[in-house]
Amino acid sequence: MSARVPRSDESAKSSPSGDRWIARSATVRAMLLVVLLWSLGVVPTSVVAAPAVAEPTQPPAGATANDTGPRIVAVFPDPVAAGDSGEYVVVDTAGTPNLTLADGESTVRVPPDGRVAVSSSPNATRALVETRVVGPGLDLSNAGERLQLRRDGIVVDRVAYDRSREGERLNATTERWTPRGLRPRSVVSTGASPATVFVLPDAPEVAIETLRGAETRILLAGYTFASPRAADALLAAERRGVRVRVLLEGGPIGGMTTAQRTQLDRLAAGGVDVRVIDGPHARFTYHHAKYAVVDDRALVLTENWKPAGTGGRDSRGWGVRVDSPRTAAALADVFAHDADWTDAVPWPTARRNATFVEAGPAAGTYDGEFDAKRVETGRIEVLTAPGNAGTAVRQTIRDADDRIWVLSPRLDVEGPYFASLVDAARRGVRVRILLSNAWYDAESNGAVVERAARLRDRGLPIEARIARPAGRFGKVHAKGALVDSETVLVGSLNWNEGAERRNREVVLALSGPEPAAYYGQAFDADWRRAGGAGGTERGLTDRRVQVTMGLGALAALALAGFVLRRVIAFE
């Protein structure tokens, strides 16, 4: 099973493989030789570029729409069907008579019956929408249209697109193409609740204990799943009558591992409903969310269900378990939306054409510094992407008054999140950014550190550092933030435009001084160990040493002509 490619253009749509992390041997040999020379000090640091995950931005659709009165709501010009049978235009008539819809070639009447889907093939369209379907409709061009909604011949709304996207619907309000079957969500506020806050690798027992305590249901969502302990807990729950469902990404970057195959085979054989989001018309570029609904509790993580993540064998991660039926219900609704559509493929079916890669499990051991803690939250908000998470996170940044601490694997120095942090610093908000120490993030994260240093030299209260694990964890993988000692963001969202627009992501926003104090203490410990400028430079040197130690064997393999499969960095 190959990873899906982003569906941002026709070339991506027809690409035979989306696996951006499998390199042919010649390329790998060249890269390893350059990195080896760099680690020995022969090649300048600026020459070595770490691999970057492609996160394409979404081009504007070119549509416009009115907010009031009769308007065009959506356009679906390219169904996945012969002859584009089922194409339609949704119009909100607002009860207005004498409306017509035109495309420059044809004009059709629109009845004043509220919101309607105007279609030339009503029977096919009725299977695609819940809106009332009326005909006749227009024959929409996949190469682009200029649609006009008129009342008594006067234009009251118009929408234009340059090219359709197969299986995707144009939202005339947001000017974005959205896969059919994807319902963007609003922020859901679920009130105050007791919660258990924890960090990894310090407290790996929380996630497993939560699964083991299930009595009625487990809905587990993830990007990858390769944890034998989590699989044991799910199978035990299934045997005692708990309804267990699992939803994962079908084409993770780097490929699905044999370790994951083993665990998914076990689950399916034990009666667990396991599905993966996959196929050419999948609604998400990646199903990247990491959460579980267990009875009336919600568990939200930054980490994957594997030894390196929830198993506490490598990554610095954040997690929270909320004892809130309302939060659990909100996430259960997300799960049902995602798992009960045509792109959620049962594992036995998906496995038939799947390919797998070898990857050894993480085996690090670390002394815990921060125990899990029971806290009270003042308010909980469920953020999701695609939809509201990116906007909500940046709004939280804009609302900051005093400080913003960010813990992230990587950050795009030219992206909107970094720009929001710089704007906050210009307002006098103190900004700290702690980034991953993984060698493959060195180039991009180094650019953030350097840019922040230049801004700090100009008087802005902003600083970025590269984490130094100091034997306390392997690498930073958490996606979290602390704002004003009052708000904490915990979840799967990487702070880039591709993640917020194209991936399924889940984030909890927790308010209250107690969760803020806990994560703030953990962040402060990691920040202090990262040191200042000298500590950052020393961290870069430490990574050179680590890379050099492992390059001998890797270079030998590459020079012998082997293909190296590197399984890294999106998780």
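Residues numbered from 1 in each chain as written. Predicted model: local features only at pLDDT ≥ 70, side-chain atom pairs only at ≥ 80, totals over all residues. Heavy atoms only, no water.

1. A short note on the overall build of the chain
Inference 1: Helix and strand counts for the chain stand at 14 helices and 27 strands.
Inference 2: Scored against the burial criterion, the 571 residues of the chain give a buried share of 55%.
Inference 3: Excluding contacts between residues fewer than 6 apart, the proportion of contacts in the chain whose partners are at least 24 apart in sequence is 76%.
Inference 4: A total accessible area of about 22,800 Å² is found for the chain, and carbon and sulfur atoms account for 50% of it. (Helix = DSSP H or I, 4+ residues; strand = E, 2+ residues; numbered from the N terminus. Buried < 20%, exposed > 50% of the residue type's maximum accessible area, 1.4 Å probe, protein only. Contact = heavy atoms within 4.5 Å. Areas by Shrake-Rupley, 256 points an atom, 1.4 Å probe, with all protein chains shown as cover.)

2. Observations concerning the layout of surface pockets
Inference 1: Here the second largest pocket defines a volume of roughly 1,000 Å³.
Inference 2: Around the second largest pocket sit 41 residues that line it, and Arg169, Thr178, Leu182, Arg183 and Pro184 are the ones nearest its centre.
Inference 3: For the lining of the second largest pocket, the secondary-structure elements that each account for two or more residues are strand 1 (71-76), strand 9 (168-171), strand 10 (176-179), helix 7 (325-339), helix 9 (389-398) and helix 12 (497-502).
Inference 4: Broken down by element, the residue count for the lining of the second largest pocket peaks at 4 residues, all from strand 10.
Inference 5: Taken together, the residues that form the lining of the second largest pocket break down as 14 nonpolar, 11 polar and 16 charged. (1 Å grid on protein atoms, 1.4 Å probe; cavity = no way out; pocket = protein on both sides within 12 Å on 5 of 7 lines; lining within 4 Å. Points joined across faces, edges and corners; volume = space filled by probe spheres on them. Nonpolar A, V, L, I, M, F, W, Y, C, P; charged D, E, K, R; others polar.)

3. Some details on the packing of helix 9 against helix 10 (residues 416-426)
Inference 1: Relative to each other, helix 9 and helix 10 sit at 15°, their axes nearing to 9 Å. With respect to their mutual orientation, helix 9 and helix 10 come out roughly parallel. Helix 10 is crossed by helix 9, and the crossing has right-handed handedness. Every residue of helix 10 that contacts helix 9 at Gly390, Val393, Arg394 and Ile397 is listed here: Pro416, Tyr417, Ser420, Leu421 and Ala424. (Axes fitted to C-alpha atoms, helices over the stretch in contact; angles between N-to-C directions. Parallel < 35°, antiparallel > 145°, perpendicular 65-115°, else oblique. Left-handed = near helix turned anticlockwise from the far one by under 90°.)

4. What about the packing of aromatic side chains?
Inference 1: The final tally for this structure, using the stated rule, is 10 aromatic pairs.
Inference 2: Ring geometry for Trp405 against Phe523: centres 6.1 Å apart, planes inclined by 20°, an arrangement best described as stacked. Linking Trp405 in strand 22 (residues 403-408) with Phe523 in helix 13 (residues 513-530), this pair joins segments that are 118 residues apart in sequence. Like Trp405, the residue Phe523 is buried in the burial classification.
Inference 3: Pairing Tyr417 with Trp495 gives two aromatic rings, centres 5.4 Å apart and planes at 25°, and the pair type is stacked. Taken together, the residues span a long stretch of sequence, with Tyr417 in helix 10 and Trp495 in the loop between strand 26 (487-491) and helix 12 at a distance of 78 residues. Accessibility classification places Tyr417 together with Trp495 in one group, the buried group.
Inference 4: When the ring centre of Tyr417 is taken as reference, the NZ or CZ atom of Arg394 above it lies at 5.0 Å. (Phe/Tyr/Trp six-rings, centres within 6.5 Å; stacked < 30°, edge-to-face > 60°. Lys NZ or Arg CZ within 6 Å of the ring centre and 35° of its normal.)

5. Side note on the sheet that holds strand 7 (residues 145-151)
Inference 1: Across the sheet, 4 strands lie side by side as 4-3-7-8; this open sheet has antiparallel pairing. Strands with a single pairing partner mark the edges of an open sheet, and in this sheet they are strand 4 (107-110) and strand 8 (154-161). With direction set aside, neighbouring strand axes in the sheet form an average angle of 20°.
Inference 2: Pairing of strand 3 (residues 99-102) with strand 7, which is carried by 4 bridges, proceeds in the antiparallel orientation. (Pairing = 2+ DSSP bridges.)

6. A few points about the side chain of Ser408
Inference 1: Secondary-structure assignment places Ser408 in strand 22.
Inference 2: Using a relative accessible area of 1% as the deciding quantity, one classes Ser408 as buried.
Inference 3: Residue contacts for Ser408: discarding those within four places in its chain leaves Leu434, Leu435, Ser436, Val476 and Ala478.

7. Describing the pattern of salt bridges
Inference 1: Counted according to the given criterion, the structure contains 30 salt bridges.
Inference 2: A salt bridge links Arg183 to Asp333; the nearest nitrogen and oxygen atoms lie 3.3 Å apart. Pair noted here: Arg183 is in the loop between strand 10 and strand 11 (188-200) and Asp333 is in helix 7, with a separation of 150 residues, a long-range link.
Inference 3: Arg183 gets classed as partly exposed once you look at its relative accessible area, which sits at 43%.
Inference 4: One salt bridge in this structure joins Arg351 and Asp265, with 2.8 Å as the shortest N-O distance. Taken together, the residues Arg351 in helix 8 (residues 347-351) and Asp265 in helix 6 (residues 258-269) connect sequence positions 86 residues apart.
Inference 5: According to the relative accessible area criterion, Asp265 is partly exposed, its value standing at 25%.
Inference 6: Salt bridges sharing common partners tie together Asp202, Arg316, Glu369, Arg472, Asp526 and Arg529. (Salt bridge = Lys/Arg side-chain N within 4 Å of Asp/Glu carboxyl O.)

8. What to know about unusual backbone geometry
Inference 1: Here the bond from Leu200 into Pro201 is cis, since omega is 10°, no more than 30 degrees from zero.
Inference 2: Looking at where Pro201 falls in the secondary structure, it is placed in the loop between strand 11 and helix 4 (205-212).
Inference 3: Following Ala385, the chain continues into Pro386 via a peptide bond in cis, with omega recorded as 0°.
Inference 4: The backbone of Ala94 shows a phi angle near 55°, a positive value even though the residue is not glycine.
Inference 5: Inspection of the secondary structure puts Ala94 in the loop between strand 2 (88-92) and strand 3.
Inference 6: By relative accessible area, Ala94 is classed as partly exposed at 49%.
Inference 7: We note that Asp295 has phi near 55°; this positive angle belongs to a residue other than glycine.
Inference 8: Among the structural elements, Asp295 can be located in the loop between strand 16 (291-294) and strand 17 (297-301).
Inference 9: Owing to a relative accessible area of 16%, Asp295 belongs among the buried residues under this scheme.

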